[in-house]
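What the coordinates show
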Amino acid sequence: MFGDLLSIHDIPLFIDKLRQRRLGHLLPNLLRGRSIKSWNHLSYETRNWWDIPAVMARWNRMVTGDPGVEYLAHLLDTRLAHLDGIRALTVGCGTGYRELELAATGRFGRIDAIDRNAARIAHARKKLAGTGAEETVRYLIGDVCRHPLGEETYDLVIAEQSLHHFHPLDHAVRRLEQAIRPGGWLVFNEYVGPARFAWTDSQIAAVDTLLAALPESYRRQWRSGRVKRRVHRPGRLAMILWDRSEAVESDRILSLLREAFAEVETRGYGGTVLQLLFKDIAHNFRGDDAETRRLLGVCFDFEDRLIAAGALGHDFVTGLCRKAE
């Protein structure tokens, strides 16, 4: 319908928002081109693949080889083990949990954390008070594309699920590269799949095949209780209304990083099938009973086989970039 602007499958989503009386909060994203209010929430519903403990363990195993060790701790203990007194910048820091973890390691001399959302920064500053990390961590309200970052200021920049929100992305990447000292590093954990979630036909077919193989009790959707039967490619209008910045240039992230940095290493952790599959039904897979473990194994193996065969790639990757000396 109208090309890729509007999908007929978006209509139930609009109806749900009307029932929740939330559509009025979405219209400014379209009329004024703003997305900051989309991120005013400080807590999350249990409805996404990262809410499943077994999925998180799988990510770690795929990236670090150890289900109990996440990617950033692994990089700090291996490739970045020589760094100490680190001057770091975290971009799109959200509610600020990561900065407190990093400060607790004792390896950071300074951590600047920036986010456009004032509500989230206020929450982060409140959490920071009384932790003993006040001299190390500084939370800033600002846009990476405009906020003064300085030149060759940081040993390390960390971008976690933030690059895919930046626009224009080439400008943002260039500013981050300039802010890193020669020989310094950028670490990222990002969605790098189709822009605006324009899922490919092969992705959608794969997810629908796997959905059909799952019991209905595991396909009951969060809140509504409806059975999830298929996934659909969202229209651009719906994406803009929900969050104008979502995945705006996600498909260009890796190519732009390779242009800007002397060295780029990546490790994929899938998501091409599983992110779409578990959306709105993740709460059904949080148990540790035998049947849930079995079904999760079926889902994991299904995505693994498609990626190994080259039928699909990784929509999510972690990476390490090094700036030329």
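Up top is the structure.
To keep things clear, this report deals only with the structure shown in the data block.

Turning to unusual backbone geometry, a few remarks are in order. A cis amide bond, omega 0°, links His-167 with the succeeding residue Pro-168. Summarising the element assignment, Pro-168 is placed in the loop between β4 (154–160) and α7 (169–179). Although it is not a glycine, Arg-196 sits at a positive phi angle of roughly 55°. Tracing the backbone through its elements, the reader meets Arg-196 in the loop between β5 (180–191) and α8 (201–212). What makes Arg-196 buried here is its relative accessible area of 18%. Phi angles above zero are rare outside glycine, and Asp-280 is one such case at about 75°. Mapping Asp-280 onto the fold places it in the loop between α11 (274–278) and α12 (290–308).

With respect to the helices and strands, Asn-48 occurs in the loop between α2 (23–31) and α3 (53–64). Residue Asn-48 is classed as buried on the basis of its relative accessible area of 13%. Here the side chain of Asn-48 touches Lys-279 through a polar contact of 3.2 Å, side chain to side chain. Those residues in contact with Asn-48 that sit more than four places away from it in its chain are Lys-279 and Ala-282.

Another point: helix α5 (residues 97–104). Of the residues making up α5, those classed as buried are Arg-98, Glu-99, Leu-102 and Ala-103. Along the axis of α5, the buried positions cluster into a sector of 135°, meaning they face one direction only. Turning to α5, the residues buried within the fold contact α4 (71–77), β1 (86–91), β2 (108–115), β3 (137–141) and β4. With its phi angle positive at about 80°, Gly-106 sits one or two positions after the end of α5.

Moving on to the sheet that holds β5. Pairing is mixed in the open sheet, where seven strands are placed in the order β3-β2-β1-β4-β5-β7-β6. Each having just a single partner strand, β3 and β6 (263–268) make up the two edges of the open sheet. With direction set aside, neighbouring strand axes in the sheet form an average angle of 15°. Bridge count between β2 and β3: five bridges; the pairing is parallel. Bridge pairing in β3 places Ile-114 opposite Leu-140. Here helix α6 (residues 118–128) sits on the sheet in contact with β2 and β3, set at roughly 165° to β3. Lying on the sheet, helix α10 (residues 253–260) is in contact with β5, β6 and β7 (316–322); it crosses β5 at an angle near 170°.

Right, let's get into the pairing of β1. The buried count for β1 comes to five of six residues, which makes it a mostly enclosed element. Pairing of β1 with β2 involves six bridges; the strand directions are parallel. Opposite Ala-88, over in β2, you have Ile-111 as the bridge partner. Of the crossover connections in this fold, the one passing from β1 over α5 to the parallel β2 is right-handed. When β1 meets β4, the two strands line up parallel, connected through four bridges. Bridge pairing links Ala-88 to Leu-156 in β4.

Looking now at the packing of aromatic side chains. Under the counting rule described, the total for this entry stands at eleven aromatic pairs. Plain terms: the ring middles of Tyr-191 and Trp-199 are 6.4 Å apart, the flat faces sit at 85° to each other, and that makes the pair edge-to-face. Exposure remark for Tyr-191: the relative accessible area of 2% places this residue in the buried category. Centre to centre, the rings of Phe-197 and Trp-199 are 4.8 Å apart; their planes meet at 10°, and the pair counts as stacked.

Now for the pattern of salt bridges. Enumeration over the complete set of coordinates arrives at 22 salt bridges. Where Arg-79 meets Glu-265, a salt bridge forms, and the shortest distance between an N and an O atom there is 2.3 Å. On the criterion of sequence distance, the pair formed by Arg-79 in the loop between α4 and β1 and Glu-265 in strand β6 is long-range, its members being 186 residues apart. Two residues, Asp-143 and Arg-146, come together in a salt bridge whose shortest N-O distance is 2.5 Å. Assessed through its relative accessible area of 18%, Asp-143 is described here as buried. In the salt-bridge network here, residues are joined through shared partners; they are Glu-70, Arg-98, Glu-101 and Glu-160.

Turning our attention to α7. If you check which residues of α7 are buried, you get Leu-169, Ala-172, Val-173, Arg-175, Leu-176, Glu-177 and Ala-179. The secondary structure elements touched by the buried residues of α7 are β1, β4, β5 and α10.

Another point: the nonpolar core. Counting residues in each nonpolar core, the largest one holds 59 residues, and the members touching the most others are Leu-80, Leu-156, Leu-277, Phe-278 and Phe-285. Every residue in contact with Phe-285, bar those within four places of it in the chain, is listed here: Ile-52, Leu-214, Tyr-218, Phe-278, Thr-292, Leu-295 and Leu-296. Counting 28 residues, the second largest nonpolar core, distinct from the first, contains Leu-140, Val-157, Leu-169 and Ile-180.

Conventions we followed
- Residues numbered from 1 in each chain as written.
- Predicted model: local features only at pLDDT ≥ 70, side-chain atom pairs only at ≥ 80, totals over all residues.
- Heavy atoms only, no water.
- Helix = DSSP H or I, 4+ residues; strand = E, 2+ residues; numbered from the N terminus.
- Buried < 20%, exposed > 50% of the residue type's maximum accessible area, 1.4 Å probe, protein only.
- Polar contact = N/O pair within 3.5 Å; in protein donor to acceptor, adjacent residues only side chain to side chain.
- Contact = heavy atoms within 4.5 Å.
- Arc of directions from axis to C-beta.
- Pairing = 2+ DSSP bridges.
- Axes fitted to C-alpha atoms, helices over the stretch in contact; angles between N-to-C directions.
- Right-handed = clockwise from strand over helix to strand, strands pointing away.
- Phe/Tyr/Trp six-rings, centres within 6.5 Å; stacked < 30°, edge-to-face > 60°.
- Salt bridge = Lys/Arg side-chain N within 4 Å of Asp/Glu carboxyl O.
- Core = buried A, V, L, I, M, F, W, Y, C linked by side-chain atoms within 4.5 Å.

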